[in-house]
Every structure is written in C-alpha cells, then in structure tokens.
Amino acid sequence: MNYIIENGIDPLEYNRLRNTIGWDSKDESLIKDAVNSSAIVKSIKIDDKTIGMARAIGDGIYYLIVDVVVDKEYHGKGFGKVLIDEISKEVYGRTQVGQKASIILISMQGKEGFYEKCGFRKVPFDFTGYGMMKSIQK
Ligand SMILES: CC(C)(COP(=O)(O)OP(=O)(O)OC[C@H]1O[C@@H](n2cnc3c(N)ncnc32)[C@H](O)[C@@H]1OP(=O)(O)O)[C@@H](O)C(=O)NCCC(=O)NCCS
C-alpha cells in the first residue's frame, strides 16, 4: 500500500484517529500547543487520508514517545512500526557522533510486543529500575 509520511498532524485528524480506537477527543488548542512543542511529529497518509500518527517530546538527549495511534481499519499492516521507525531515524539524525540519545515510552497494556518489534526493551534492564508515572488531574 502506498503511503506518505508527513511532519505534523492536523488537530481534527488527531482527534479522529484517537476516536477510531475508542480514545476521547482533546481540546483543539491543547492539541495545537502539544504538537507545536513536540520535537518530532509524524503522521502517515494514504490517498490523502491520515491513517496514523506518533510524536516525541524531546530535548536532544531524551525523547518521550506519545500518541502512537493507527486508525483501527489499518491495524496489523506495518504502519505502527513505520511511524516508530521514522521517529527513531529522526532521533538518530539529530544525535551527534559520539553522543547518545534515549527514547522512552510507556506502553499500553498488551502493546509491549509491538514496541519490542520496534527495538525497545522492557524496563527494568541493566542498571534501570521500574519506570514511574504520576498523573495530575485538575
Ligand atoms: C499499537 C499500534 C500502534 C500498532 O500499530 P500496527 O500498525 O497495528 O502495528 P504493526 O502492524 O506496525 O506491527 C508491527 C509488528 O508488531 C506486532 N504487533 C502489533 N501489535 C502487537 C501487540 N499488541 N502485541 C505484540 N505484537 C504486536 C505485529 O505483529 C508486527 O510484527 P511483525 O513485524 O513480526 O509482523 C496499533 O495497534 C494501535 O493504534 N493501537 C491502539 C492505540 C495504542 O494502543 N497505541 C499504543 C499506545 S502505547
């Protein structure tokens, strides 16, 4: 299937993709701010239809992958992996020779195998302890 990769995502498409997998919509201005302040934003299009997205928040040393969504109709066709590989390639391109960058993410339950296929290892490994998280609800 022919596809194109774009840098960025339209807020309406962002919400439409989330909705295809049963996630709620987010406020449009919040999405714009989040996308604009992301280090890397990738979306994938087939025949002008956005069928997937992924973005990374980052500072050149650490990158946090979030919002990895493939339209439900297109699951299992390799597009999720294409998006994560695109982010990995971009991080590689931005990292100076001799320097290291780390890409971090929190997998949804049951998606760990997908990320392992994309080259990630489950934490803890080596010297790392568990990943930790705190949500702030207002
Ligand atoms: C998770 C998600 C992005 C994967 O996208 P996808 O396009 O369906 O996955 P791909 O077809 O690129 O899969 C790549 C590889 O991972 C494997 N894989 C996919 N989902 C998997 C899972 N849940 N568990 C184990 N392996 C999985 C595939 O079999 C494939 O393996 P292969 O290369 O040996 O054929 C997609 O299912 C999705 O949008 N899910 C809902 C949202 C979500 O949970 N996002 C992740 C948030 S952390």
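Thresholds, definitions, all that
Residues numbered from 1 in each chain as written. Predicted model: local features only at pLDDT ≥ 70, side-chain atom pairs only at ≥ 80, totals over all residues. Heavy atoms only, no water. Helix = DSSP H or I, 4+ residues; strand = E, 2+ residues; numbered from the N terminus. Phe/Tyr/Trp six-rings, centres within 6.5 Å; stacked < 30°, edge-to-face > 60°. Buried < 20%, exposed > 50% of the residue type's maximum accessible area, 1.4 Å probe, protein only. Lys NZ or Arg CZ within 6 Å of the ring centre and 35° of its normal. Patch = residues over 30% accessible without salt bridge, like charges linked within 9 Å, V, L, I, M, F, W, Y side chains within 5 Å. Areas by Shrake-Rupley, 256 points an atom, 1.4 Å probe, with all protein chains shown as cover. Salt bridge = Lys/Arg side-chain N within 4 Å of Asp/Glu carboxyl O. Polar contact = N/O pair within 3.5 Å; in protein donor to acceptor, adjacent residues only side chain to side chain.

Draft legend 1. Representation of unusual backbone geometry within the structure. The residue after V123, namely P124, is reached through a cis peptide bond having omega 5 degrees. Relative to the assigned elements, P124 resides in the segment after α4 (112-117). Positive phi values are uncommon outside glycine, yet D47 reaches one of about 50 degrees. Relative to the helices and strands, D47 resides in the loop between β2 (40-46) and β3 (49-58).

Draft legend 2. Representation of the packing of aromatic side chains in the model. For the structure shown, the criterion picks out 4 aromatic pairs. Ring centres of Y3 and F79 lie 5.7 Å apart, and the angle between their planes is 85 degrees; on these two criteria the pair is classed as edge-to-face. With Y3 in the segment before β1 (4-7) and F79 in helix α3 (residues 79-94), this residue pair connects regions lying 76 residues apart in the sequence. Ring plane angle 65 degrees and centroid distance 6.4 Å describe the contact between Y74 and F79, whose orientation is recorded as edge-to-face. Comparing Y74 with F79, the two get one shared label, buried. One Lys or Arg, R121, reaches over the ring of F125 and ends 3.7 Å from the middle of that ring.

Draft legend 3. Summary view of a nonpolar patch on the surface. Taken together, the side chains of I57, I61, Y62, L64 and I104 make up a nonpolar region of the molecular surface, amounting to roughly 440 Å² of accessible area. Tracing the sequence through the fold places I104 in strand β5 (residues 102-104). On the basis of relative accessible area, I104 is assigned to the partly exposed category, the value being 41%.

Draft legend 4. Layout of the side chain of S38. The topology assignment puts S38 in the loop between α2 (28-36) and β2. A polar contact is formed between the side chain of S38 and the backbone oxygen of A34, at a distance of 2.6 Å.

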